[in-house]
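Report on the structure
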Amino acid sequence: MSAPTGRARRVLAATTTVAVMGTLAVGMAVAAPSSADAGPTLGQLAAAKGRYFGSATDNPTLDNAPYTAVLGSEFNQITVGNTQKWMYTEPRRGQFDYTQADKIVAFAQAHDQIVRGHTLVWHNQLPDWVDSVPAGELLGVMRNHITNVAGHYQGEVVHWDVVNEAFEEDGTRRQSVFQQKIGDGYIAEAFKAARAADPNAKLYYNDYNIEGIGAKSDAVYNLVKSFKQQGIPIDGVGLQAHLILGQVPSTLQRNIQRFADLGVDVAITELDIRMRTPRDATKDAQQAQDYRTVTNACLAVTRCVGITVWDFSDGHSWIPSVFPGEGAALIYDENFAEKPSYWAVHEALGGTTTTATTTTTTGGNGSGCTATYRVTGQWNGGYQAEVTVRNTGATATTGWTVEWTFAQGQTVRSLWNGVLTANGQEMTVRNASYNGRIAVNGTTAFGFIGAHTGTNGTPTVTCATA
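Owing to the predicted nature of the structure, the values given are computational and were not obtained by experimental measurement.

This part covers the packing of helix α10 (residues 252-260) against helix α11 (residues 281-299). Between α10 and α11, whose axes approach to 9 Å, the crossing angle comes to 30°. Compared by their axis directions, α10 and α11 come out roughly parallel. The element α10 and its partner α11 pack so that their crossing is right-handed. From α10, L252, Q253 and I256 reach across to α11, where they touch V294, A297 and C298. A breakdown of the residues in the contact of α10 with α11 according to their chemical character gives 5 nonpolar, 1 polar and no charged.

A few words now on the pattern of salt bridges. By the definition in use, this model includes 15 salt bridges. Where E189 meets R143, a salt bridge forms, and the shortest distance between an N and an O atom there is 2.7 Å. Taken as a pair, E189 in helix α8 (residues 186-197) and R143 in helix α6 (residues 135-152) lie far apart in primary sequence, 46 residues in all. Accessibility expressed as a relative area gives 35% for R143, which makes it partly exposed. With its nearest N and O atoms 3.1 Å apart, the salt bridge here joins R274 to E326. Placement of the pair is R274 in strand β8 (residues 265-276) and E326 in strand β10 (residues 326-327), with a sequence separation of 52 residues. Judged on exposure class, the residue R274 and its partner E326 are both buried. Here the salt bridges do not stand alone but share partners, grouping R143, E189 and K192 into one network.

Most of helix α13 (residues 340-348) sits inside the fold, with 8 of its 9 residues counted as buried. Inspection of α13 places P340, S341, Y342, W343, A344, V345, H346 and A348 among the buried residues, and these make up the whole buried set.

Moving on, we come to the pairing of strand β2 (residues 77-80). Where burial is concerned, the two faces of β2 agree: the one with Q77 and T79 and the one with I78 and V80 are both buried. Once you follow strand β1 (residues 52-57) into helix α2 (residues 65-74) and on to β2, the crossover reads as right-handed. Where β2 lies against strand β3 (residues 114-122), 3 bridges are found, and the strand directions are parallel. Bridged to Q77 within β3 is I114.

Another aspect to go through is the UniProt feature "active site" (unreviewed entry) in the chain. Within this structure's numbering, the places UniProt gives as "active site" (unreviewed entry) are E270. Secondary-structure assignment places E270 in strand β8. With relative accessibility at 0%, the residue E270 sits in the buried group. A polar contact is formed between the side chain of E270 and the side chain of N206, at a distance of 3.0 Å.

Before going further, it helps to examine the side chain of T79. Relative to the helices and strands, T79 resides in strand β2. The buried category is assigned to T79, whose relative accessible area is 1%. Not counting the four nearest positions on each side in its chain, T79 is found in contact with S55, A56, T57, R116, H118, T308 and W310.

Attention now goes to unusual backbone geometry. Between H118 and the following residue, T119, the backbone shows a cis peptide bond with an omega angle of -5°. If you trace the backbone, T119 turns up in strand β3. Following T277, the chain continues into P278 via a peptide bond in cis, with omega recorded as 5°. Among the secondary structure elements, P278 is positioned in the loop between β8 and α11. The residue N417 is not glycine, and still its phi comes out positive at about 75°. Mapped onto the secondary structure, N417 falls in the loop between β15 (411-416) and β16 (418-423). Even without glycine at this site, N441 takes up a positive phi of about 65°. You can see N441 is positioned in the loop between β17 (426-431) and β18 (443-451). Since its relative accessible area comes to 53%, N441 is described here as exposed.

You can see T397 is positioned in the loop between β13 (382-391) and β14 (400-405). T397 sits in the buried class, given a relative accessible area of 6%. Side-chain polar atoms of T397 contact the backbone oxygen of G436, separated by 2.8 Å. Looking at T397, its side chain comes within polar contact range of the main-chain nitrogen of I438, at 2.8 Å. Leaving out residues up to four positions away in the same chain, T397 has contacts with N391, G436, R437, I438 and T465.

Here we take up the nonpolar core. Counting 92 residues, the largest nonpolar core has F53, F75, W160, V163, F178, F191 and L271 as the members making the most contacts within it. In terms of residues, this core owes the most to one element, α8, which gives 8 residues. Residues in contact with L271, not counting those within four places in the same chain, are Q240, A241, L243, Y291, V294, I307, T308, V309, W310 and L330. The next biggest cluster of nonpolar side chains, apart from the first, holds 20 residues, and it includes W400, V412, F448 and C463.

Let us now look at the packing of α11 against α13. For any two helices packed against each other, the geometry is given by the interaxial angle and the distance between the axes. As a packed pair, α11 and α13 sit with axes 8 Å apart at the nearest point and diverge in direction by 30°. One finds that α11 runs roughly parallel with respect to α13. Handedness of the α11/α13 crossing: right-handed. Residues D284, Q287, A288, Y291, R292, T295, N296 and L299 of α11 lie in contact with α13, whose contacting residues are P340, S341, A344, V345, E347 and A348. Looking at side-chain class alone, the contact of α11 with α13 contains 7 nonpolar, 4 polar and 3 charged residues.

This paragraph deals with empty space enclosed by the protein. To locate leftover empty space, one rolls a probe as large as a water molecule over the atoms. If you add up the space inside the largest cavity, you get close to 40 Å³. Around the largest cavity, the lining residues are A46, R51, Y52, F53, T295, C298, L299, G306, I307 and L349. Elements supplying a minimum of two residues to the lining of the largest cavity: β1, α11 and β9 (304-309). Ranked by the residues each element gives to the lining of the largest cavity, the list is headed by α11, at 3 residues. Grouping the constituent residues of the lining of the largest cavity by class yields 7 nonpolar, 2 polar and 1 charged. In this structure, the second largest cavity encloses a volume near 30 Å³. Lining the second largest cavity are V121, W122, H123, V163, N164, E165, A166, S176, F178 and Y186. Elements supplying a minimum of two residues to the lining of the second largest cavity: β3 and β4 (159-164). Residue classes in the lining of the second largest cavity are distributed as 6 nonpolar, 3 polar and 1 charged.

Each value, and the rule that gives it
- Residues numbered from 1 in each chain as written.
- Predicted model: local features only at pLDDT ≥ 70, side-chain atom pairs only at ≥ 80, totals over all residues.
- Heavy atoms only, no water.
- Axes fitted to C-alpha atoms, helices over the stretch in contact; angles between N-to-C directions.
- Helix = DSSP H or I, 4+ residues; strand = E, 2+ residues; numbered from the N terminus.
- Parallel < 35°, antiparallel > 145°, perpendicular 65-115°, else oblique.
- Left-handed = near helix turned anticlockwise from the far one by under 90°.
- Contact = heavy atoms within 4.5 Å.
- Nonpolar A, V, L, I, M, F, W, Y, C, P; charged D, E, K, R; others polar.
- Salt bridge = Lys/Arg side-chain N within 4 Å of Asp/Glu carboxyl O.
- Buried < 20%, exposed > 50% of the residue type's maximum accessible area, 1.4 Å probe, protein only.
- Right-handed = clockwise from strand over helix to strand, strands pointing away.
- Pairing = 2+ DSSP bridges.
- UniProt positions renumbered as here; feature names shortened; annotations may be inferred.
- Polar contact = N/O pair within 3.5 Å; in protein donor to acceptor, adjacent residues only side chain to side chain.
- Core = buried A, V, L, I, M, F, W, Y, C linked by side-chain atoms within 4.5 Å.
- 1 Å grid on protein atoms, 1.4 Å probe; cavity = no way out; pocket = protein on both sides within 12 Å on 5 of 7 lines; lining within 4 Å.
- Points joined across faces, edges and corners; volume = space filled by probe spheres on them.

In structure tokens form, the structure reads like this:
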């Protein structure tokens, strides 16, 4: 099917190195790149390694200017989060509507980003009429749907998640309407129809909880192996990677490699790493390490072609609405500030880091503590800093206060592991409820993301104990 009148059609080239859902710290200092100009983006760093680093997005956020400023500049790939699904593209049998999805594709094209299509066949987000299609007709209906949707986006989508989430946790087939009415062959038929509709798009099977080796990933592995043996067109496997803090599978890299060894590409398609909220420094540090681990696992396997986060800002994540009490799963916070997890990915992709001069000042009159302020990383207009408080007294502290005065133009945007009071350029940070006690010669630390205009000088800090 041809593109709508007035919408320019353009072929978006996939990554050249390899054949190529939902919505969206002090413990380890993660530094930002230091440069007189803005440093390289995640997309640029990934491209230098022959990969992409992208984000999913959805239509309501396209009117949010701060959001789209990041979406359009930081990433080199976009996934259509919702509006290419069946309920949007074929709401009534035989009647197709691409209005919403076309807007996201047009945004990506305007920002030189490749597009992953998501998804052609899935048991969720189906219009009600699909369930009532007679068993003898459903295969034809499915083929017609794929032909129209994949055909509409021919040349504009580099990957299609052809079939999504077809297996249960134990490796058995999910009893979707397609499984029940068409049978085991529906997955192969979907891939054949997708290849006919768009011969150049890479065709993926996509699922969650298949990141590590286990019953479910074994079932997908056997499916892909069988398809390759039979000549059924399949080009890749998508590991959704909706992960939990501190629980990145130890077999992730080995699992990626075994799929690659079958002759298919692998993509991390829907990455987020959720935690119990609220955030704190320890959780941020663990999340940063987890994002680093996932990124490194992909980089270690040549046929791992890219990583997509399932939206990029915590304020636009699907997690809190589905997992009560959990969230903060992404690499930007609600105010579009880069989190430690962002900088962990940045470094893993080859971004450079720097550490500024350290200043240490002992509080007066035998206050019993010192404070060390250091800039762990800085970039155009922003920086990350860490202050370490050390107990130099003879007994454990019960509380502490750190003070300093910023130069004009320096501000704190977000701070963790302490309680901030700002009075103009004068900053006062007191301990949080959980870190006021410091053993003799022990330390604690707080950190923050700041902004600056002009120079970013290191202030003199003072420390006092309670």
